Amino acid sequence: MIFKKIKNSFKYAWTGFIFFIKERNIKIHLLVALLVIILGIVLSINTLEWALITISIMVVISLEIINTVIENIFDLFHPEKDGRIMIIKDLAAAAVFVSAIGAVIIGLIIFLPLIFQRLQ
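Source: prediction; values computed, not measured.

(A) Structural view of the overall build of the chain. Broken down by element type, the chain carries 4 helices and 0 strands. Scanning the chain from its N terminus toward the C terminus, one meets helices and strands in the order α-α-α-α. On C-alpha atoms alone, the chain measures out to a radius of gyration of 18 Å, which is more than a quarter above the 14 Å that the 2.2 N^0.38 rule sets for 120 residues. Viewed in the frame of its principal axes, the chain has a C-alpha envelope of about 55 × 45 × 20 Å. The buried share among the 120 residues of the chain stands at 22%. Considering only intrachain contacts with a sequence separation of at least 6, the fraction spanning at least 24 residues in the chain is 73%. Counting only carbon and sulfur atoms, one obtains 75% of the accessible surface of the chain, whose full area is about 8900 Å². Taken together, the 11 basic and 8 acidic charged side chains of the chain have centroids lying 13 Å from each other.

Spelled out as structure tokens, the structure:
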């Protein structure tokens, strides 16, 4: 019984992820994440740097999922334009934007010294 519940939980999560990766914005995030991972491999970043990069990627993607959920809920229950709902949707998008800026800053802190070191 418990195994079936756990199995179903993973199944539902996977179904949600498949739906999510069809969204336009996540394709951009996943492409950037892939490029960052490739850069990390090429520049041989250390374990702590990998941890920071992984956390940054997961935070951005997780917030993008939450943003998508918020947008879909409001589109379902209130499809007509409403200024209050637009503010809520914009705030959710802003959370993704702020996390992406943070991820870029972390990436610059990690990668710029390594790139400059390689160029010398």
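(B) Quick peek at unusual backbone geometry. Look at Ser44: it is not a glycine, yet its phi comes out positive at around 50°. Along the chain, Ser44 falls in the loop between helix H2 (24–42) and helix H3 (47–77). Given the relative accessible area of 57%, Ser44 is considered exposed.

(C) Structural detail: the nonpolar core. Phe20, Ile26, Ala33, Leu43, Ile45, Ile53, Ile57, Ile61, Ile110, Phe111 and Leu114 together form the largest nonpolar core, which totals 11 residues. For this core, the secondary structure elements donating two or more residues are H2, H3 and helix H4 (83–119). Apart from the residues within four sequence positions on either side, Ile110 is in contact with Ile45, Glu49, Leu52 and Ile53.

The rules we used
- Residues numbered from 1 in each chain as written.
- Predicted model: local features only at pLDDT ≥ 70, side-chain atom pairs only at ≥ 80, totals over all residues.
- Heavy atoms only, no water.
- Helix = DSSP H or I, 4+ residues; strand = E, 2+ residues; numbered from the N terminus.
- Rg over C-alpha atoms; globule rule 2.2 N^0.38 Å.
- Buried < 20%, exposed > 50% of the residue type's maximum accessible area, 1.4 Å probe, protein only.
- Contact = heavy atoms within 4.5 Å.
- Areas by Shrake-Rupley, 256 points an atom, 1.4 Å probe, with all protein chains shown as cover.
- Lys, Arg positive; Asp, Glu negative; His and termini not counted.
- Charge placed at Lys NZ, Arg CZ, Asp CG, Glu CD.
- Core = buried A, V, L, I, M, F, W, Y, C linked by side-chain atoms within 4.5 Å.

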